[in-house]
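Each chain, written out:
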Amino acid sequence: MPPIIKAAFWMGGALMSFITLAVAGRELSSDYGTFQIMFYRSVIGLFIVLLILWRSGFAQIFPRHLGLQIIRNTFHFAGQAAWFYGIAVISLAEVFAIEFTTPIWTALLASILLGEKLTWVRAFAIAMGFAGILIILRPGLVSITTPALIVLAGAFGFAMTATLTKKLSGDTTALAILFYMAVIQLPMAMIPSVIDWQPPTWQAMPWFIAVGITALSAHFCIVKAFQNADATVVVPMDFLRMPLIAVVGFLLYAEAFDPWVLVGAVVIFAGNLTNLLAEQRKQT
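Residues numbered from 1 in each chain as written. Predicted model: local features only at pLDDT ≥ 70, side-chain atom pairs only at ≥ 80, totals over all residues. Heavy atoms only, no water.

1. Concerning unusual backbone geometry
Only a minority of non-glycine residues have a phi that is not negative, and only a minority of peptide bonds are not trans. The phi angle at alanine 254 is positive, at roughly 55°, despite the residue not being glycine. Tracing the chain through its elements places alanine 254 in the loop between α11 (241-253) and α12 (259-283). (Helix = DSSP H or I, 4+ residues; strand = E, 2+ residues; numbered from the N terminus.)

2. Some thoughts on a nonpolar patch on the surface
A surface patch of nonpolar side chains, about 440 Å² in accessible area, is lined by Val247, Phe250, Leu251 and Leu252. Secondary-structure assignment places phenylalanine 250 in helix α11. (Patch = residues over 30% accessible without salt bridge, like charges linked within 9 Å, V, L, I, M, F, W, Y side chains within 5 Å. Areas by Shrake-Rupley, 256 points an atom, 1.4 Å probe, with all protein chains shown as cover. Salt bridge = Lys/Arg side-chain N within 4 Å of Asp/Glu carboxyl O.)

3. What about the UniProt feature "domain: EamA" (unreviewed entry) in the chain?
Taking the UniProt record as the reference, the feature "domain: EamA" (unreviewed entry) is found at residues 7-137 and 148-272. Taken as a whole, residues 7-137 contains 82% helix and 0% strand, while its terminal C-alpha atoms sit 33 Å from one another. (UniProt positions renumbered as here; feature names shortened; annotations may be inferred.)

4. Here we look at the environment of alanine 7
Structurally, alanine 7 can be placed in helix α1 (residues 3-29). Between the alpha carbons of alanine 7 and valine 223 there is a distance of 9.6 Å; along the sequence they are 216 residues apart. If we skip the residues at most four places from it in the chain, alanine 7 touches Ala225, Asn228, Ala229 and Met237. (Contact = heavy atoms within 4.5 Å.)

5. With respect to the packing of aromatic side chains
As enumerated under the stated definition, the model contains 13 aromatic pairs in all. Centre to centre, the rings of phenylalanine 39 and tyrosine 40 are 5.4 Å apart; their planes meet at 75°, and the pair counts as edge-to-face. In this structure, phenylalanine 39 and tyrosine 40 share a single accessibility class: buried. Ring centres of tryptophan 105 and phenylalanine 156 lie 5.5 Å apart, and the angle between their planes is 80°; this geometry places the pair in the edge-to-face category. Within this pair, whereas tryptophan 105 is found in helix α5 (residues 102-113), its partner phenylalanine 156 is found in helix α7 (residues 146-168), the two being separated by 51 residues in sequence. By way of ring pairs, the aromatic residues Tyr32, Phe39, Tyr40, Trp197 and Phe208 are connected into one cluster. (Phe/Tyr/Trp six-rings, centres within 6.5 Å; stacked < 30°, edge-to-face > 60°. Buried < 20%, exposed > 50% of the residue type's maximum accessible area, 1.4 Å probe, protein only.)

Printed below as a string of structure tokens:
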């Protein structure tokens, strides 16, 4: 099978994982709080990671950079909490569109925290990201909702997570990063979830399991896609999340589609793709 077809296959898995994760989160949000959903996500994720470590070896999770792991997972936990909260109260398409600003924030943070050069292309991508957000939120024309701002803050949390992951990746395996993500975030979610704990029903368990599995499988599939094709091929495929989640939101939840959300997402994506193409040309 040609690598490009393999990449498309893996990106299809990533798209299905992200959409399933969003639907599962929305289905659970009517009866369970955000932190309880995240608690089960960590429990199931830890179980899966431990099964893999049992086969691949536990030596790789020897504690290193523990302080950095805690900081990284604090930001990731905040980002996840904002994302699940947004999934429950605003349209799925708007959440996904705002989430596309994560690479923009990452470029800005990498220049500040990692000392990476802020080229004019990266500056252009950041400007396009802010322009896209202004199109989606339209301050002064419509009232900016608190949930949208929370999701935007969550995208910043994901960007900080990506920046710190890059710092860790030099001597820490991806599996070790996933292990510490589950171990550190499990008590973070458990403590606040006790306040409004609802006993899980048998009907809800498939959705909890779906959250735990797809939260891992989405990122695994993206990594496999990048292994089979260049980023310039993979990233445009990822943008299919926008129209697909808009269709899902309309069919399952009768969500009206706001064309300005798509326009803003396209502007953000154009900035990301411009930066990506420039980075690839620089490496060749």
